[in-house]
Amino acid sequence: MAHQRDRSIVTLVLEQSMERIAHAQESTTIWDTAVIEAHKRPLDMAWMDRNLGIWFNEYAGFDEVYVLTSTGQPIYAMRGGKRVIPENYIAVEDVAGPMVTRLRHTNVIPKTIDGDIAMLSPGQADFAIVRGRPAIISAKPILSDSGNIKEKPEDQAVHLGIVFLDQDFFARIGSQYGLADARYQIADGADGGESSVALLDHRRHVIGYLVWRPFAPGQQVTIMMAPVLALVILLSIGVICMLANRLASRTIDLDESRLQAQHQAMHDGLTGLANRAMFEQRFDEALGRSRRHNTPLALLFIDLDRFKKVNDTLGHPAGDLLIEQVARRLVAEVRGYDVVARLGGDEFAVLIGEPDQVAIDGVCSRIVSQLGLPFSVSGAQTYIGASIGVAIAPDHGFDRTELTRKADIALYRAKAEGRSRYVLFDPEMDEDVRAREAMDRELRKAMADCDSQLRIHYQPVFSARTGAITGVEALLRWQHPINGLVTPDAFIRAAEETGLIEVLGQWVLRRAVEDAKAWPGLRVAVNASPIQVRSRKFVDCVTSALAESGLEAERLEIEITETALMAASSEVTTALRDLRKLGITCALDDFGTGYSSLSHIRDIAVDRIKIDRSFVHAVNTVPGAALVEAIVSLASANGLQLTAEGVETDEQYAFLRRVGCHEIQGYLLARPMPAEQVTALLQDFQPTPRLPSGGSPPMMIA
Ligand code: C2E
Ligand code: CA
Ligand code: CA
């Protein structure tokens, strides 16, 4: 902007300089006396010097003055403050001649740009090179100021003033308008950073350049402001550093939260142990190491035995506390670089690198015993225990999936063998698994056509008092086309594991209530797996089966094992309550095997208790007899019906009858049989009940 301003100032100043020169001429060129003197012959040279020549040099700084006649002849000349011979004009004639001609033809009073100056007479002014130097040259006619002397323009004498644009001129403009180093240059060779303006004559021919060093306010400000600026820069640097620092710390925060997210993605939130994803990663790494260095790697799958019960009875927060304690105990039993992971719920896994058999046995038995110790949760002592399945690389393979599967099989075996133990995988177990899988396939086939391969046998149940048949228990049979009759023990669990049990159980239920219609007054008991009972559809299924068959609800009994009820969730309890509301009775099967305290009997919401055959078989021992007696009296006192299962001898029968057991079931009286046989049996049934031989008291060891 400053540069632009300078250029317009310079252009203006040059124009004004020209106007001032012309205006200065008018101080004597418009004057009657001057007209007269210019025409006087010979000229009064002294007057000319005083008024038109030397005077202009002194008064207005003119360098040269010429006075021309109407024909353009020079009659007076002044150069540098001295009168010279008029022939000096020759040197300027080239430039001045055309101007004078123009003056005589145009004869108009020029407009000025400088508001202070009003031009009074016509004139011609121009920039020109005179004697090799730039100059302003101005021509003015010498006129009458009074108007008394009338002359045509072509008759007028002309006053010619020349001012060289010398160093002084430029220095003057420079100081006047703040243009540093102002000077004239023929060529526009302004140094870098300098400004210039072309001097143009009236034909717009360049006659040179006015060059100056431009006013750079920014630079000046910069210099003036340098200390402040330095301070500002320092401050800015400080602020930037601070921001950068903050940015860096944000980035670190971000990194941290990313790491945290990563940690969360790879760790279990509750225990801080590795989660499944992390475990699999670590497992693969460890397997790689194990393969490279040919060292063994043991995988332990750990499952808590009675966790679900704690969770259900004490609530999830207590369950969480328990899991945390388990995690701590696990970590305490392994070395720092062994991996402990929580795979979900109550499942844990441990990886032990470079172990020998003794070390594995050591770790496993320590874990089993540590997790077998009581846990203190919500102020109560709880026992849960753990089962462990172990697979070892390279003995059992080098593949993660393979080892996982094998550890799982071993764990399954540990649970099947009674829990709270560890089992090392054995290739034989694979056979069992394969057999189970084959069983599953076969079972599915069988279920596709239930009626052709599946049958129900009914085992009669007798009144201990009268010996009459009071009911039957429906027991599932599988008539396999190749393997023959398969017992339920062999396939019920497989069906439970694969979920087939629901369909299977439904089929049994429908079939049993249908068959029972042939045996008026008899109760039909149907076994139900906890998996079935837990399902919300179960009660509906029972209801609709009853509705379809038209069997009275009171004649149906649902048997559920004590272990199932013990481990049961609230869903099972709710289902039992709903069934009983419908009039259906519920029996607690295999009573005594579930380790529930006898005092629990009064809390159990069932109608009947079935004493497990292991207790019945033990009645020939003192503690066995005492136990059964206790069960009977406690149950009776609580209004529960009692059935003794697996009664095989007269002695057992006699004892049970004597202690007050209500009903008897066992090979002694009847084996499970097809429905037609039950019908036949009922027809043949004699009212004389079968009583223990001789009616003598049962054999007891005193
Ligand atoms: P459970 O409910 O305890 O059934 C009684 C089992 O004892 C039957 O075995 C029966 O044949 C057998 N038994 C009866 N009297 C005697 C005896 O005097 N001595 C001996 N040693 N055994 C006797 P089974 O039929 O092999 O059934 C085994 C188990 O399979 C049943 O035990 C029951 O838990 C389950 N089960 C059978 N059918 C079904 C069913 O339809 N659904 C479900 N969920 N489970 C079933
Ligand atoms: Ca049963
Ligand atoms: Ca039973």
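Residues numbered from 1 in each chain as written. Chains lettered and ligands numbered in written order. Predicted model: local features only at pLDDT ≥ 70, side-chain atom pairs only at ≥ 80, totals over all residues. Heavy atoms only, no water.

1. Brief notes about the pairing of strand 10 (residues 297-304)
Of all eight residues in strand 10, eight are buried; the element is thus mostly enclosed. A two-sided burial pattern is seen for strand 10, the buried positions comprising L297, L299, F301 and D303 on one face and A298, L300, I302 and L304 on the other. Judged from the eight bridges that link them, strand 10 and strand 15 (residues 386-393) form a sheet pairing that is antiparallel. Paired with F301 across the bridge in strand 15 is G389. (Buried < 20%, exposed > 50% of the residue type's maximum accessible area, 1.4 Å probe, protein only. Helix = DSSP H or I, 4+ residues; strand = E, 2+ residues; numbered from the N terminus. Pairing = 2+ DSSP bridges.)

2. Structural notes on the coordination of the calcium ion (ligand 2)
In this structure, E473 (OE), N527 (OD1), E559 (OE) and D589 (OD) serve as the protein donors to the calcium ion (ligand 2), at separations of 2.1 to 2.3 Å. If you list the donors of the calcium ion (ligand 2) from N- to C-terminus, the spacing comes out as E-x53-N-x31-E-x29-D. Between the two metals, the calcium ion (ligand 2) and the calcium ion (ligand 3), the spacing is 4.0 Å, and D589 donates to both. One end of the pair, E559, is in strand 21 (residues 556-561); the other, D589, is in strand 22 (residues 585-591), with 30 residues separating them in the sequence. On the accessibility criterion, E559 (2% relative accessible area) is buried. Owing to a relative accessible area of 5%, D589 belongs among the buried residues under this scheme. (Donors = N, O, S within 2.8 Å, 3.2 Å for Na, K, Ca; no water.)

3. Observations regarding the nonpolar core
The nonpolar side chains of soluble globular proteins are, as a tendency, buried together. Counting residues in hydrophobic clusters, the biggest one holds 83 residues, and the most contacted among them are Y458, L556, L579 and L656. The element that contributes the greatest number of residues to this core is helix 16 (residues 501-516), accounting for eight residues. Other than its neighbours up to four places away in sequence, L556 contacts L509, V513, V524, V526, V542, L546, I584 and T585. (Core = buried A, V, L, I, M, F, W, Y, C linked by side-chain atoms within 4.5 Å. Contact = heavy atoms within 4.5 Å.)

4. With respect to the coordination of the calcium ion (ligand 3)
Looking at the calcium ion (ligand 3), one finds its protein donor set to be D589 (OD), D590 (OD), E645 (OE) and E645 (OE), positioned 2.1 to 2.4 Å from the metal centre. The sequence motif formed by the donor residues of the calcium ion (ligand 3) is D-D-x54-E.

5. Section: the environment of P427
Here P427 shows up in helix 13 (residues 427-448). Sequence spacing of P427 and H396 is 31 residues, and the spatial spacing of their C-alpha atoms is 8.3 Å.

6. Some details on the domain arrangement of the chain
How big an interface is tends to be reported as the loss of accessible area on association of its parts. Taken domain by domain, the chain holds domain 1 (2-185), domain 2 (225-262), domain 3 (276-425) and domain 4 (446-676). The C-alpha centroid of domain 3 is placed 49 Å from the C-alpha centroid of domain 2. (Domains from an automatic or database assignment.)

7. So, the side chain of Q453
By the secondary structure assignment, Q453 is in helix 14 (residues 450-453). Q453 sits in the buried class, given a relative accessible area of 17%. Of the polar contacts made by the side chain of Q453, one reaches the side chain of W478; its length is 2.8 Å. Those residues in contact with Q453, other than ones at most four positions away along the chain, are A446, R477, W478, Q479, H480 and P481. (Polar contact = N/O pair within 3.5 Å; in protein donor to acceptor, adjacent residues only side chain to side chain.)

8. Digging into helix 9 (residues 307-314)
Listing the buried residues of helix 9 in full gives F307, V310 and N311. All buried residues of helix 9 lie within an arc of 100° about the axis, which places them on one face of the element. Structurally, helix 9 contributes buried residues whose contacts are with strand 10, helix 10 (316-333) and strand 14 (380-382). G315 occupies a position one or two residues after helix 9 and carries a positive phi of about 95°. (Arc of directions from axis to C-beta.)

9. Notes on the packing of aromatic side chains
Considering all chains together, one arrives at ten aromatic pairs under this definition. Where Y458 meets W519, the ring centres are 4.9 Å apart and the plane angle is 75°; that geometry is what we call edge-to-face. Of this pair, Y458 sits in strand 17 (residues 454-463) while W519 sits in the loop between helix 16 and strand 20 (523-527), and the two are 61 residues apart along the sequence. Pairing W478 with F491 gives two aromatic rings, centres 5.4 Å apart and planes at 80°, and the pair type is edge-to-face. Highlighted residues: W478 in strand 18 (residues 469-480) and F491 in helix 15 (residues 488-498), separated in sequence by 13 residues. W478 sits in the buried class, given a relative accessible area of 1%. An aromatic cluster is built from W55, F56, Y59 and F62, whose rings are joined through pairwise contacts. If you follow R133 out to its NZ or CZ, it ends over the ring of F164, 4.1 Å from the centre. Lying across the ring of Y667, R671 places its NZ or CZ 3.8 Å from the centre. (Phe/Tyr/Trp six-rings, centres within 6.5 Å; stacked < 30°, edge-to-face > 60°. Lys NZ or Arg CZ within 6 Å of the ring centre and 35° of its normal.)

10. Let's talk about unusual backbone geometry
The omega torsion of the bond from R41 to P42 falls at -5°, within 30 degrees of zero and hence cis. Within the secondary structure, P42 is located in the loop between helix 2 (32-39) and helix 3 (45-51). Omega for the bond connecting A393 with P394 falls within 30 degrees of zero, at 0°, which places this linkage in the cis form. Of note, P394 is situated in the loop between strand 15 and helix 12 (400-416). A positive phi angle is found at S420, which is not glycine, with a value near 50°. Tracing the chain through its elements places S420 in the loop between helix 12 and strand 16 (422-424).

11. Looking at helix 2
The periodicity of an α-helix, 3.6 residues per turn, causes residues three or four places apart in sequence to face the same way. Of the positions making up helix 2, those classed as buried are D32, A34, V35, E37 and A38. Buried positions along helix 2 lie against helix 1 (2-29), helix 3 and strand 2 (74-79).

12. Thoughts on a nonpolar patch on the surface
There is a patch of nonpolar side chains on the surface, built from V221, M224, M225, V228, L229, V232, I233 and I237 and spanning about 690 Å² of accessible area. Structurally, V232 is set in helix 7 (residues 217-266). For V232, a relative accessible area of 43% translates into the label partly exposed. (Patch = residues over 30% accessible without salt bridge, like charges linked within 9 Å, V, L, I, M, F, W, Y side chains within 5 Å. Areas by Shrake-Rupley, 256 points an atom, 1.4 Å probe, with all protein chains shown as cover. Salt bridge = Lys/Arg side-chain N within 4 Å of Asp/Glu carboxyl O.)

13. Digging into the side chain of N311
Among the secondary structure elements, N311 is positioned in helix 9. Setting aside residues up to four positions removed in sequence, N311 forms contacts with H316 and G319.

14. Quick notes on the pairing of strand 2
Pairing between strand 1 (residues 64-68) and strand 2: five bridges, direction antiparallel. Across the sheet, E64 pairs through a bridge with R79, a residue of strand 2. If you look at the hairpin formed by strand 1 and strand 2, you'll find five residues sitting between the two strands, and G72 has a positive phi there, around 90°. Where strand 2 and strand 3 (residues 82-84) come together, three bridges link them in antiparallel fashion. Among the inter-strand pairings, M78 is bridged to a residue of strand 3, identified as R83.

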